[in-house]
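# Descriptive structure summary
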Amino acid sequence: MALTYIIPAIATVIIGAIADYFLLPAWSIHNPGIYILLIIFAGIYFGVHLLMCRFKETSRVLGSAISLGIAATLLLVLLVGAVSSWSLFHAKAYANILGDTIVETEITNLVISLEDAGLLDKEAAEQIAQQELSTLGDQASRFVTRSSSQISYNGAPTRIIPLDYKGFKERKGGAPAYITVDMRTQEAEIHYVEQPVKYTPGAILGKDLLRHLHYKYPTYIFAWDPQFEIDDTGKPFYVVPVAASRISLFGGRDVSGIVTVDPCSGDTEYYDRDAAPEWIDHVYPAELIVKQFNDYGKHQDGGVASTAGYNYVNDGHNVYVYTGVTGAASNELNIGFLFTNLHTKETRYYPLSGADERSAMDTAASTGGAEYTASFPWMLPVEGTPTYCMALKDSGGGVRMYAMVNVNKPHLVTVGSTREECQTSYRNLVLSNDVTITPPPVSIPAGPQAGSITGRIQDIRTGDKNGTTYFYLKLENQEVWYVVSLTDNEEAIKLNTTDTVVLDVGTSGSAGPIIQAKLKSYTEGAPWWENN
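A brief structural summary. Source: prediction; values computed, not measured. (Residues numbered from 1 in each chain as written. Predicted model: local features only at pLDDT ≥ 70, side-chain atom pairs only at ≥ 80, totals over all residues. Heavy atoms only, no water.)

### Looking at the sheet that holds strand E8 (residues 236-247)
Operational definition: One requirement defines pairing of two strands: DSSP has to find at least two bridges between them. Where helices and strands are cited, they refer to DSSP runs of H or I of at least four residues and of E of at least two residues respectively, numbered from the N terminus. In this analysis an axis means a line fitted to C-alpha atoms, helices contributing only their contacting stretch, and an angle means the value between N-to-C directions, from 0 to 180 degrees. The contact criterion used is simple: two residues touch if any of their non-hydrogen atoms lie within 4.5 Å.
If you trace the four strands from one edge of the open sheet to the other, you get E7-E8-E9-E10, paired in antiparallel fashion. Only two strands of the sheet have a single partner each, and these edge strands are strand E7 (227-230) and strand E10 (268-272). On average, each strand axis in the sheet is tilted by 40° relative to the strand beside it, whichever way the strands run. Inspection of the sheet shows E8 paired to strand E9 (residues 251-261) by nine bridges, in the antiparallel sense. If you follow Tyr238 over to E9, its bridge partner there is Val261. Strands in contact with helix H7 (residues 209-216) are E8, E9 and E10; relative to E9, the strand with the most contacts, it is inclined by about 100°.

See the structure below:
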């Protein structure tokens, strides 16, 4: 009689071990899938037990009661947990998961620059990496490029692309390198590793990255894709967020920590989310941030939601996910923009009405030419005014041009074959159309004497406004721009960079990021004290 219980149990354990190996379920009470799997195991036990004791009524009844009782209990817990996690009962809690980190501020406080963005999207960067892979010679046929991650590397926005096995026959020895693409220069570089990369999502058996993690941390929920990153020395790691439920049994999914995996040795280490090393850029997945903001908008602000898309942008140190925000009245008009630091989850919301990203993409593509498509844009302060910046790509995905579309006045659009050309045209356009330029406020350093300032020209630009030509001068070691008109300062047309100027800013003490000035005098080239 004992065999009628032992054999079904052994069969269930064997089938369970096989299922665990291939399905990799997280053995956590916060994983709804584990309840379904255990119910199936109870059904397997029930079926085998019935076959074993089909002629023994007492054993059949007892075994059925045990297995069905376990299945019913698991099903009850699953249903209660699911219902108790509904946002209907926890609207405020769902709104506060991200809402507690949101700080509303003016768009003039956005300090991320055009140079930080790079204007090279994921698809184009991965295409460049694929071309660079061909330089590996005979080894190139063994590997394929995997999905890339955007990181901040040596202060530059960089896409890092891991290599993975191409097929079963090539799964020997490991990948010898990874590829980086500088998103500002579009230059790709192959980085060889000291030991081959063996633990990857495309490996098999124990070298499969997620299987390796599963047996190291069987109770951890790995709900998001691993991110391939490198530390400050260039050593590669996979960074894998660990999920936790903050609301009831299954609701309010958030990041509790991360696991780093050395893909060469398989060594792992767990960090709480607030203790992650500084070099890690992706503690929080972008798709999680967008979902949490949509929950915030739905339950807190009456229909405010993310637009259908997001992008990444760097500030020289960290990586941010950016998305536009639409209101309940229209999904074709943005009412603000959201920037979230993916390392700390610090979130800034910038209220600003204007065209949404999709309409800006259509405008840019139609201006550039019917043969081009626009990448999802970056919203950045360009020349002091909120601007959609994007790349225009050909049918093969290669970047051919750049475009800028004014957020407030989307009919103001320029394109250029280089980013610099596009920006120069854009500046002239916004100046000639009387668009208010409002960079972040800065303090004005005191000049050598009241009402005047002396300095060497670092940059000089021109623009026409209402028929008058203006010269915008930026002096070394200063953040402000001084503007002089050609009408009042005819000699301004002779100015060049490295000239030293003395400007009169008036005794009233002009204030602001752009200061009206008059040209008092200038000296060509470097000042005399730098020539001695």
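There's plenty left to go through after this.
### Some thoughts on the packing of aromatic side chains
We apply this condition: Only Phe, Tyr and Trp rings take part, Trp by its six-membered ring, and two of them pair if their centres are within 6.5 Å. Stacked means planes under 30 degrees apart, edge-to-face means over 60, and tilted covers everything else. Whether a charge sits over a ring comes down to the Lys NZ or Arg CZ being within 6 Å of the ring centre and within 35 degrees of the ring normal.
In the structure shown here, the tally under the stated rule is 17 aromatic pairs. Centroid distance Tyr310 to Tyr312: 5.9 Å. Interplanar angle 90°. Geometry classified as edge-to-face. Through successive ring pairs, a cluster of aromatic residues spans Tyr322, Phe337, Phe339, Tyr350, Phe376 and Tyr388. For the cation-ring pair, Arg427 lies above Tyr472, with the distance from its terminal atom to the ring centre recorded as 4.4 Å.

### Re H7
It helps to recall that an α-helix has 3.6 residues per turn; residues three or four apart then point in one direction. So the rule is basically this: Accessible area is worked out with a 1.4 Å probe on protein chains only. A residue is then buried under 20% of its type maximum, exposed over 50%, and partly exposed in between. Polar contact is the term for a pair of N or O atoms within 3.5 Å; when the atoms are in protein, one must be able to donate a hydrogen and the other to accept it, and sequence-neighboring residues count only if both atoms are side-chain atoms.
Along H7, the residues that are buried comprise Leu209, Arg211, His212, Leu213 and His214. Where H7 begins, the capping side chain belongs to Asp208, and its oxygen is found 3.1 Å from the backbone nitrogen of Leu210.

### Observations regarding the nonpolar core
The criterion, for reference: Side-chain atoms within 4.5 Å link the members of a nonpolar core, which is a set of buried Ala, Val, Leu, Ile, Met, Phe, Trp, Tyr and Cys residues.
By size, the foremost hydrophobic cluster in this structure holds 76 residues, and its most contacted members are Phe339, Met379, Leu380, Tyr388 and Met390. In terms of residue count, strand E19 (residues 399-406) provides more of this core than any other element does, six residues in total. In terms of nonpolar packing, the next biggest core, distinct from the first, is built from 29 residues, Leu98, Tyr296, Val321 and Leu342 among them.

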